[in-house]
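Chain residues, written in single-letter form:
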Protein chains: 2
Amino acid sequence: MKKKITIKDIARAANVSIGTVDRVIHKRGKVSETALQKVNDALKELDYKPNPLARTLRNNVVYKINILIPNPAKDPYWVPCELGINAIIKEYEAFDIEISVLLFDPTKPESFSQIGNDLVEKGSDALLFVPLFEKESNFLLEKLNRKGILTGTFNSLPSKHVDHYVGHDLFLSGRVAAKLVSDFIQPSSRIGIIHINEAFNNAIHMRQKENGFRAYFKDHHVDCEILTKNINTSNVTEALRNFISEEKVNIFFVTTSKTYEVALALKQLNKKATVVGYDLLPENVSCLQNGEIQFLIHQAPRLQASLSLKSLVEKLLFNKEFPKKQLLPINIINSENIKSYL
Amino acid sequence: MKKKITIKDIARAANVSIGTVDRVIHKRGKVSETALQKVNDALKELDYKPNPLARTLRNNVVYKINILIPNPAKDPYWVPCELGINAIIKEYEAFDIEISVLLFDPTKPESFSQIGNDLVEKGSDALLFVPLFEKESNFLLEKLNRKGILTGTFNSLPSKHVDHYVGHDLFLSGRVAAKLVSDFIQPSSRIGIIHINEAFNNAIHMRQKENGFRAYFKDHHVDCEILTKNINTSNVTEALRNFISEEKVNIFFVTTSKTYEVALALKQLNKKATVVGYDLLPENVSCLQNGEIQFLIHQAPRLQASLSLKSLVEKLLFNKEFPKKQLLPINIINSENIKSYL
DNA sequence: AGAAAAAATGTGTACGTACACACTAAATAC
DNA sequence: GTATTTAGTGTGTACGTACACATTTTTTCT
């Protein structure tokens, strides 16, 4: 079991002191040509890799990471996200990392901006947040970049100005829904795309999904009527009942986690239809298991949150590299494999 | 940014030396009742967590992990598995870990046993392997346990005697296939379960999948003829062509990664049918994209391998805990979401 | 040539932990 | 009462890195 190469081994091999080796490694100058040559040769020859543990220990700083996510109490979609974050906090509690979680109201952009500004003021090594509001997020990102704070986002739209992004290809996820639905299409079928968005804050996401959905049918020359219905009222069920009664739609693609609302409305009207939607909310899962929803696409908020936090933590602790943009696989869930996701 | 608590802080709080604190922490005795009390109080009060980095640095050992997996050259299913392992090796190359990968012939149990024995002889801190052969694997596990070597397995059957297992619920994955297929069933449908297993080495896996598949239909009172066909010959295509010609089957569930063979045979006979099978081999992916396979269940060999190796590595390096048994979600793949998996 | 400045190199220390060792004080033995 | 054991405690050092500081060597200038 051979020992790993240390800076000491390099010093010995190059016949200089560890101080000189250190200066070469950190390019802090004050090294003669000959010594530089010898040390560089030795570094290459012995394939030196600095020990991240010793480096971190020596650096002896407690890194501070702030997290800004939507309040799960306002939208249950974010519950798993918070769980994922807490798991990572637990996982790294023994390390020199301090992580704080702050919640904003997903229906109030100003709540996001205000807490965001506070956090910029207070300062930190990294800030991880959910960029629900495009304008406000970009404004925040600009400030963070100016301050040189490491940035991470997840779930929503990636941006050029963020260091790390974890999320999904929403256009593709629309296509996936279309493919799933396509097996249920009959000559008489009419398809409804339902956007349920009480807070008006993820219109772009829903649009991308719709575009993907429609693109699939265009590519495959399935001609079939596809209607789009926006529901922004607070009385979702009533609006849905009206829509379903008026239009003869028997296939539904719901672009948000409120998929169960469609299943509910159908049940109330005593109608059968194919429903495909998003996310593993308890209500959705229950409908899936009852056969009222055929498929759910799982956006894995928990995994998104934990992956993005983990990347930031390990970047700070071990200087581990991460991709600027990480797109997760799109998970198709039916009444059976749901058990393996709970 | 407050510093983390160290044993020095504990020593100061308890008004003793760090040596005494250390003796308390490691329960090495030689501590007076009063000191013990004070130190324990301080430990609890300040919520002391030892710094895993410093601990590992001080321990100063290079851990050795051996890995024994089937040769990807003999069965392409294992290609991603090797890739996942190499990625983890790369990820931790700067740490005091030495990882070696050895390959056995998945058609020859004796090749597994022989290399396994060699590895036990040579010794190591942990051994990760794929327990393709039940009897031989248990024999190896017994030896490893006696030697006190940390053990990990993945992909195949979990065992009481292994420290860490990553895999799938195969019975459930059979049920998932059944649910997928159920949407294609018509009154006249006949279903074929195809076991293609040239090497006779994963009969148990295939059986579990079949059981799950049949259980779903039993639960749902779908009465529909389900035939089982075992194919162990080397000329798979011919055997399949004969089967398809003789039996009027229009829905196929293939329990192994050789799913493309069924699609191929159907194509040769110019027949259309619903095919559901396993794994993202290039041949399968191509059939999926051509519409010759409807769904694939992705067993994620790459993820399985990297997760299990990562667990062992982090257990040794940071003493991070892991679950004894980790079942992964069952991934449903169609022609669209496949893009997010490649 | 000798002093002063500049360049190059080496040494020491800290990070937090773990353990060997040295030390102190009390207890036992003769 | 002194010697020896024993329980209890404290000190020193190493792990590998990073950087401040001390020291040596070389260069420059008068």
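If you're wondering where the values come from, they're calculated on a predicted model, not measured in any experiment.

Next up on the list: the relation of the copies chain B and chain A. Mapping chain B onto chain A calls for a rotation angle of 180 degrees and an axial translation of 0.0 Å; the resulting RMSD is 0.1 Å. With respect to symmetry, the two chain copies, as superposed, fit the operation of a two-fold axis. The share of interface residues of chain B whose copies in chain A are also at the interface is 100%, consistent with both copies meeting through the same surface.

What follows is about the protein's contact with DNA strand C. A:S17, A:S32, B:Y48, B:R55 and B:R58 are the nearest of the 24 residues found near DNA strand C. For DNA strand C, the backbone makes up 66% of the atoms found within 4 Å of the protein, where backbone means sugar plus phosphate. A distance of 3.1 Å is found between a sugar or linking oxygen of DNA strand C and a side-chain nitrogen or oxygen belonging to A:N60. Between a phosphate oxygen of DNA strand C and a side-chain N or O atom of B:R55, the distance comes to 2.4 Å. Listing elements by their share of the surface near DNA strand C, those giving two or more residues are helix 2 (18–25) and helix 4 (52–59) of chain A together with helix 1 (7–14) and helix 4 (52–59) of chain B. When the residues that make up the surface near DNA strand C are grouped by side-chain class, the tally is 8 nonpolar, 8 polar and 8 charged.

For the rest of this paragraph, the subject is the sheet that holds strand 3 (residues 126–129) of chain A. Residues and elements named next belong to chain A. Read from one edge to the other, the open sheet built from 6 strands follows the order 2-1-3-4-5-11, with strand pairing classed as parallel. With partners counted over all chains shown, the strands left at the sheet margins are strand 2 (97–104) and strand 11 (325–327), one partner each. Strand-to-strand, the axes of this sheet are offset by a mean angle of 15 degrees, without reference to chain direction. Direction of pairing for strand 4 (residues 150–154) relative to strand 5 (residues 164–167): parallel, over a ladder of 3 bridges. Bridge pairing links F154 to V166 in strand 5. In this fold helix 7 (residues 134–147) packs onto strand 3 and strand 4, with an angle of close to 170 degrees to the strand it touches most, strand 3.

A word on the interface of chain B and chain A. Taken together, the 48 residues of chain B in the interface contact 48 residues of chain A. The tally of links from chain B across to chain A stands at 16 residue pairs in polar contact (both at pLDDT 80 or more). Listing elements by their share of the side of chain B that touches chain A, those giving two or more residues are helix 4, strand 2 (97–104), helix 8 (170–182) and strand 12 (331–333) of chain B. In terms of residue class, the side of chain B that touches chain A is made up of 23 nonpolar, 9 polar and 16 charged.

So, on to the environment of A:Y77. All names here are of chain A. Topologically, Y77 is positioned in the loop between strand 1 (63–70) and helix 5 (79–91). When its relative accessible area of 6% is taken as the criterion, Y77 is described as buried. Apart from the residues within four sequence positions on either side, Y77 is in contact with N155, S257, D279, L281, Q299 and P301. Only 2.7 Å separates the side chain of Y77 from the side chain of N155, close enough to count as a polar contact.

Right, let's get into the protein's contact with DNA strand D. The full set close to DNA strand D counts 24 residues, and A:I7, A:Y48, A:R55, A:R58 and B:S17 are the nearest of them. Each atom of DNA strand D within 4 Å of the protein belongs either to a base or to sugar and phosphate, the latter forming 68%. At 3.1 Å from a phosphate oxygen of DNA strand D is found a main-chain nitrogen or oxygen belonging to A:N51. In the model, a base nitrogen of DNA strand D is placed 3.0 Å from a nitrogen or oxygen of the B:R23 side chain. Tallied by class, the residues present in the surface near DNA strand D amount to 8 nonpolar, 8 polar and 8 charged.

This paragraph deals with the nonpolar core. One finds A:I65, A:F154, A:L309, B:I65, B:F154 and B:L309 to be the most contacted residues of the largest nonpolar core, which totals 90 residues. With residues up to four places along the chain from it excluded, the contact list for A:F154 reads A:I69, A:W78, A:C81, A:L128, A:F129, A:V130, A:P131, A:Y165, A:V166, A:Q304, A:A305 and A:S308. Residues A:L180, A:F184, A:V276 and B:I226 belong to the second largest nonpolar core, which totals 44 residues.

Once that is clear, we can look at the UniProt feature "domain: HTH lacI-type" (unreviewed entry) in chain A. When the UniProt feature table is mapped onto this chain, "domain: HTH lacI-type" (unreviewed entry) is found at residues 5–59 of chain A. Each end of residues 5–59 of chain A is marked by a C-alpha atom, and these two atoms are 20 Å apart; helix forms 69% of the span and strand 0%.

The next point concerns unusual backbone geometry. Trans is the prevailing form of peptide bonds, just as negative phi is the prevailing case for residues other than glycine. A positive phi angle, close to 50 degrees, is found at A:A300, a residue other than glycine. At B:N155, a position not held by glycine, the phi torsion is positive, near 80 degrees. Note on placement: B:N155 falls in the loop between strand 4 (150–154) and strand 5 (164–167).

Quick notes on the rules
- Residues numbered from 1 in each chain as written.
- Chains lettered and ligands numbered in written order.
- Predicted model: local features only at pLDDT ≥ 70, side-chain atom pairs only at ≥ 80, totals over all residues.
- Heavy atoms only, no water.
- Least-squares fit on C-alpha atoms with pLDDT ≥ 70 in both.
- Contact = heavy atoms within 4.5 Å.
- Near = heavy atom within 4 Å.
- Polar contact = N/O pair within 3.5 Å; in protein donor to acceptor, adjacent residues only side chain to side chain.
- Helix = DSSP H or I, 4+ residues; strand = E, 2+ residues; numbered from the N terminus.
- Nonpolar A, V, L, I, M, F, W, Y, C, P; charged D, E, K, R; others polar.
- Pairing = 2+ DSSP bridges.
- Axes fitted to C-alpha atoms, helices over the stretch in contact; angles between N-to-C directions.
- Buried < 20%, exposed > 50% of the residue type's maximum accessible area, 1.4 Å probe, protein only.
- Core = buried A, V, L, I, M, F, W, Y, C linked by side-chain atoms within 4.5 Å.
- UniProt positions renumbered as here; feature names shortened; annotations may be inferred.

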